[in-house]
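Remarks on the overall topology
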Amino acid sequence: MKFPDFQLTDKIAIVTGASKGLGYGVALAMADAGAHVVVTSRDIERAQPVATEIQEMGRESLPLALEVCSLDSIEAMVGAALDRFGRIDILVNNAGINIPEPALEVSEEHWDRLMDINLKGLFFCSQKVGTVMVRQGQGKIINVGSQMGFVGGKLRAAYCASKGGVVQLTKVLAIEWAKHGVNVNGVAPTFLRTPFTAHMFEDATFYDEVVANIPLGRVGEVEDVLGAVVFLASPASDLITGTTMLVDGGWTAW
Ligand SMILES: NC(=O)c1ccc[n+]([C@@H]2O[C@H](COP(=O)([O-])OP(=O)(O)OC[C@H]3O[C@@H](n4cnc5c(N)ncnc54)[C@H](O)[C@@H]3O)[C@@H](O)[C@H]2O)c1
């Protein structure tokens, strides 16, 4: 009997949007599980301290600038990661934004910006890293979706559409790249306490409404999502592809 292997020993992992919030937690969790981590952020100055923290954990880490809306930036980041490490084993597509507003007020500019980051950027990061993984004959991609890819949420027309798109895209890439040994999965958290939600949770009525929708009775912390991400990056999940794992405290179970 071979028991499940949750280790990422000496794997090379790229995390997008890794300077804060969930991406920061994912970058450290990858390192804790044994990976060397390419820490990306729009602003390389913000990636540097995270990379230093990972090096202090005894792993290698490369801070790189990445604007997910720019194909040139994605290609430069992938090229630099390959120059340094020679391969890419794991990609966590974490970068994302939300612009909560009523559907009647969504401007074309807001719609495009949100889709460009949450869906188009995620797709082209997957494509450019996927090209490397297909050539290698192995790799794991984890897309950070949201419970809002499964249910509707008021003030979240573009956000729900983008995250629903992430769920579908995850399935397509999984099907296309399975024969090349590349697994593509997602995680879909409920509301988490991160810089992304800090201002939203200042509204006590909103916070109470959110918690009332979560059977487990609390919002998530970054740490609540890390187990699912590490699992989907590890050999323990080798037969899993095309799925998006809800980490939603039961929000979608009602
Ligand atoms: N916080 C939540 O409640 C929650 C719930 C479900 C899903 N999520 C998802 O988790 C992911 C991370 O969210 P978070 O809460 O940590 O948010 P956050 O705002 O704290 O961090 C988002 C990260 O994405 C980066 N980013 C944004 N636009 C970018 C761009 N154009 N190019 C490169 N990087 C960019 C930011 O710099 C930042 O590092 C997002 O995809 C979000 O949709 C968050």
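Right, let's walk through the structure included here. In this text the structure is predicted, and so the values were computed from the model without any measurement.

Once that is clear, we can look at the overall build of the protein chain. Helix and strand counts for the protein chain come out as eight helices and seven strands. Taken over the C-alpha trace, the protein chain has a radius of gyration of 17 Å; the compact-globule value for 254 residues is 18 Å, and the two agree within 12%. The dimensions of the protein chain, computed from C-alpha atoms along their principal axes, are 50 × 45 × 40 Å. Within the protein chain, the fraction of its 254 residues that count as buried is 45%. Residue pairs in contact within the protein chain that sit at least 24 positions apart in sequence constitute 72% of those at least 6 positions apart.

The ligand sits among 27 residues. The nearest are Gly17, Gly21, Gly96, Thr194 and Phe196. Put simply, the parts of the chain that give the shell around the ligand at least two residues each are helix H1 (21-32) and helix H6 (195-201).

A few words on the environment of Asn185. Within the secondary structure layout, Asn185 lies in strand E6 (residues 182-189). Distance in space between the C-alpha atoms of Asn185 and Gly242 is 5.1 Å, their sequence separation being 57 residues. With residues up to four places along the chain from it excluded, the contact list for Asn185 reads Ile142, Thr170, Leu232, Ile240, Thr241, Thr243, Thr244 and Met245.

Here we take up the sheet that holds strand E1 (residues 12-15). Sheet strands associate in pairs through backbone hydrogen bonding, adopting either a parallel or an antiparallel arrangement. Spatial strand order, E3-E2-E1-E4-E5-E6-E7: seven strands in an open sheet with parallel pairing. Across the chains shown, the open sheet's two edge strands, defined by having one partner strand only, are strand E3 (61-65) and strand E7 (244-247). On average, adjacent strands in this sheet sit at an angle of 15° to one another, irrespective of strand direction. Bridge analysis of E1 against strand E4 (residues 90-93) gives three bridges, and the strand direction is parallel. From the neighbouring strand, Ile14 faces E4, where its bridge partner is Leu91. Where helix H5 (residues 157-177) meets the sheet, it contacts strand E5 (139-144), E6 and E7, and its direction lies at approximately 165° from that of E6.

At a minimum axis separation of 10 Å, helix H4 (residues 108-136) and H5 run at an interaxial angle of 15°. Compared by their axis directions, H4 and H5 come out roughly parallel. Seen from above, H4 lies across H5 with right-handed handedness. Here His110, Trp111, Leu114, Met115, Asn118, Leu119, Leu122, Phe123, Ser126, Gly130 and Val134 of H4 come into contact with H5, specifically with Ala158, Tyr159, Ser162, Lys163, Gly165, Val166, Leu169, Leu173 and Trp177. A per-class count over the contact of H4 with H5 returns 13 nonpolar, six polar and one charged.

Another aspect to go through is unusual backbone geometry. In this structure, Asp10 takes a positive phi of about 60° despite not being glycine. Along the chain, Asp10 falls in the segment before E1. In this structure Asp10 comes out as exposed when scored by C-beta crowding, with 12 C-beta atoms within 10 Å. Not every positive phi belongs to a glycine, and Leu155 is a case in point at roughly 70°. Inspection of the secondary structure assignment puts Leu155 in the loop between E5 and H5. The exposure class of Leu155 is partly exposed, given the 16 C-beta atoms found within 10 Å.

This part is about the nonpolar core. Judged by nonpolar contacts, the single largest core of 66 residues is most densely connected at Ala13, Ala27, Met30 and Val229. Top element by residues in this core is H1. It accounts for eight residues. Ignoring any residue separated from it by four or fewer positions in sequence, one finds Ala27 in contact with Val15, Ala18, Val37, Val39, Val50 and Ile54.

Moving on, we get to the pairing of strand E2 (residues 36-41). Most of E2 is tucked away: six of the six residues are buried. With burial as the criterion, each face of E2 is covered, one bearing His36, Val38 and Thr40 and the other bearing Val37, Val39 and Ser41. Pairing analysis gives four bridges linking E1 to E2, with the strands arranged parallel. For Ile12, the partnering residue across the bridge sits in E2 and is His36. Between E1 and its parallel partner E2, the chain crosses via H1, and the hand of that crossover is right-handed. Inspection of the sheet shows E2 paired to E3 by five bridges, in the parallel sense. Bridging from a neighbouring strand, Thr40 pairs with Leu64 of E3.

In a regular helix each residue adds 1.5 Å, so 12 residues correspond to 16 Å; helix H8 (residues 222-233) covers 17 Å between its end C-alpha atoms and thus fits that length. Listed in full, the buried residues belonging to H8 are Asp224, Val225, Leu226, Ala228, Val229, Val230, Leu232 and Ala233. Looking at the buried residues of H8, the elements they touch are E1, H1, E4, E5, E6 and E7.

What counts and what doesn't
- Residues numbered from 1 in each chain as written.
- Predicted model: local features only at pLDDT ≥ 70, side-chain atom pairs only at ≥ 80, totals over all residues.
- Helix = DSSP H or I, 4+ residues; strand = E, 2+ residues; numbered from the N terminus.
- Rg over C-alpha atoms; globule rule 2.2 N^0.38 Å.
- Buried ≥ 20, exposed ≤ 12 C-beta atoms within 10 Å, placed from the backbone.
- Contact = placed C-beta atoms within 7 Å.
- Near = placed C-beta within 6 Å.
- Pairing = 2+ DSSP bridges.
- Axes fitted to C-alpha atoms, helices over the stretch in contact; angles between N-to-C directions.
- Parallel < 35°, antiparallel > 145°, perpendicular 65-115°, else oblique.
- Left-handed = near helix turned anticlockwise from the far one by under 90°.
- Nonpolar A, V, L, I, M, F, W, Y, C, P; charged D, E, K, R; others polar.
- Core = buried A, V, L, I, M, F, W, Y, C linked by C-beta atoms within 7 Å.
- Right-handed = clockwise from strand over helix to strand, strands pointing away.
- Expected span 1.5 Å × (residues − 1).

Functional significance is not addressed by these values, which are geometric in nature.
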